[in-house]
Amino acid sequence: PLSEYYSLFSKYETKAYFETAYTREDSKDIIFFLKDYINIGDAMLDMGCGTGSLLYSFKLQGYSDITGVDPSESNVHFIKNNLGISAYVGSIGDDYLDLGKTFKLITLKSVLEHISCLDKAMKQLCEYLAHDGYIFLEVPDICAWRYGNDLYQQFSVEHLNYFTKQSLDIFMKRFGFSCVKYQLRENIFGSWSLWKKANCC
């Protein structure tokens, strides 16, 4: 089971994944990408938050209503005790986790490619999303692969899904979302996109 794999054998742990210059700059760029659509007081949920680098960047920018969910107990412990941010152990697509509220923004940074049942995951996300909410996605995008020579990581055994702008459009529209912003990211062989909720089921 994937949830057991990521909770027991996750390589996305320890400070090495939190304090790199790349993760700091990447997180700042994501916040800049989102800044026209969210406000300081909005509730934000990071699913598959890892060691909390994106959450911490939001905190440094003045956001206080931030929450993380990750299958790794070690990561959740680090986020709660070292960053002072609310976090829960859980996996998207698993049994519903009651977080006690809905969120204006849900971020999934390098998460969807790891999910075995995308339909179930999206239905769960809809339960967490406010009626006027947004979902941010960072996913591998095969249209960006032409910009690099080393594609080894793109064929990780953990990657179950691959995307293009067209495939994301088809998938997200099935759940009542429309794309409000999209950017191909050549440096990560992927894309960033922001999706507006309309009639989420």
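Residues numbered from 1 in each chain as written. Predicted model: local features only at pLDDT ≥ 70, side-chain atom pairs only at ≥ 80, totals over all residues. Heavy atoms only, no water.

Chemist: Talk me through the overall build of the protein chain; I want residue IDs and the actual numbers.
Modeler: Scanning the protein chain for helices and strands turns up six helices and seven strands. Reading the helices (α) and strands (β) of the protein chain from amino to carboxyl end gives α-α-β-α-β-α-β-β-α-β-α-β-β. In the protein chain, buried positions account for 52% of the 201 residues. Across the protein chain, contacts joining residues at least 24 apart in sequence account for 68% of those joining residues at least 6 apart. (Helix = DSSP H or I, 4+ residues; strand = E, 2+ residues; numbered from the N terminus. Buried < 20%, exposed > 50% of the residue type's maximum accessible area, 1.4 Å probe, protein only. Contact = heavy atoms within 4.5 Å.)

Chemist: Describe the side chain of Asp26, with residues and values.
Modeler: Relative to the helices and strands, Asp26 is located in helix 2 (residues 21-34). By relative accessible area, which is 4% here, Asp26 ends up buried. Not counting chain neighbours up to four residues away, the residues in contact with Asp26 comprise Lys109, Glu138 and Trp192.

Chemist: Break down the sheet that holds strand 4 (residues 103-109) for me, citing the residues and quoting the values.
Modeler: With mixed pairing, the seven strands of this open sheet are ordered in space as 3-2-1-4-5-7-6. The open sheet is flanked by strand 3 (86-89) and strand 6 (177-185), the only strands paired with a single partner. Going from strand to strand, the sheet's axes swing by 15° on average, the running direction of each strand aside. Where strand 4 and strand 5 (residues 129-140) come together, six bridges link them in parallel fashion. When the bridges of strand 5 are listed, Leu108 appears paired with Leu137. Packed on one face of the sheet, helix 3 (residues 53-60) meets strand 1 (44-47), strand 2 (66-70) and strand 4 and runs near 175° to strand 2. (Pairing = 2+ DSSP bridges. Axes fitted to C-alpha atoms, helices over the stretch in contact; angles between N-to-C directions.)

Chemist: I'd like a rundown of helix 4 (residues 73-83), residues and numbers included.
Modeler: Taken as a whole, helix 4 has its buried residues at Asn75, Val76, Phe78, Ile79 and Leu83. All buried residues of helix 4 project into a common sector of 160° when viewed along the axis, lining one side. Set apart from the buried face of helix 4 by more than 90 degrees, the exposed residues are Glu73, His77 and Asn81. Contacts from the buried residues of helix 4 go to helix 3, strand 2 and strand 3. Gly84 sits one or two positions beyond helix 4 and adopts a positive phi of about 70°. (Arc of directions from axis to C-beta.)

Chemist: If you had to explain unusual backbone geometry to someone new, which residues and values would you point to?
Modeler: Trans is the common state for peptide bonds, and a negative phi is the common state for residues other than glycine. Phi at Ser110 is positive, roughly 55°, even though this residue is not glycine. Tracing the backbone shows Ser110 in the loop between strand 4 and helix 5 (118-128). Judged by relative accessible area, Ser110 falls into the partly exposed class, the value being 30%.

Chemist: I'd like to hear about the pairing of strand 6, residue by residue, with values.
Modeler: Bridging between strand 6 and strand 7 (residues 190-197) involves eight bridges; their strand directions are antiparallel. Looking at strand 7, one finds that Arg185 is bridged to Gly190. In textbook terms, the turn of a hairpin is the stretch between consecutive antiparallel strands, and for strand 6 and strand 7 this stretch comprises four residues, one of which, Phe189, has a positive phi near 55°.

Chemist: Let's hear about the environment of Leu60: which residues, and what values?
Modeler: With respect to the secondary-structure elements, Leu60 resides in helix 3. With 32 residues separating them along the chain, Leu60 and Lys28 place their C-alpha atoms 9.8 Å apart.

Chemist: Could you give me a rundown of the packing of aromatic side chains, with the residues and numbers involved?
Modeler: Summed over all chains, the structure comprises six aromatic pairs. Plain terms: the ring middles of Phe33 and Phe136 are 5.8 Å apart, the flat faces sit at 65° to each other, and that makes the pair edge-to-face. Note that Phe33 is positioned in helix 2 and Phe136 in strand 5, a separation of 103 residues in sequence. For the pair Phe33 and Phe136, one class covers both residues: buried. Aromatic side chains Phe136 and Trp192 sit 6.1 Å apart centroid to centroid with 65° between the ring planes, which places their arrangement in the edge-to-face category. Taken as a pair, Phe136 in strand 5 and Trp192 in strand 7 lie far apart in primary sequence, 56 residues in all. Assigned by exposure class, Phe136 and Trp192 land together as buried. Joined through ring pairs, the aromatic side chains of Phe33, Phe136 and Trp192 make up one cluster. Across from the ring centre of Phe32, 5.0 Å away, lies the NZ or CZ of Lys35, which sits over that ring. The ring of Trp192 is capped by Arg185, whose NZ or CZ atom sits 3.8 Å from the centre of that ring. (Phe/Tyr/Trp six-rings, centres within 6.5 Å; stacked < 30°, edge-to-face > 60°. Lys NZ or Arg CZ within 6 Å of the ring centre and 35° of its normal.)

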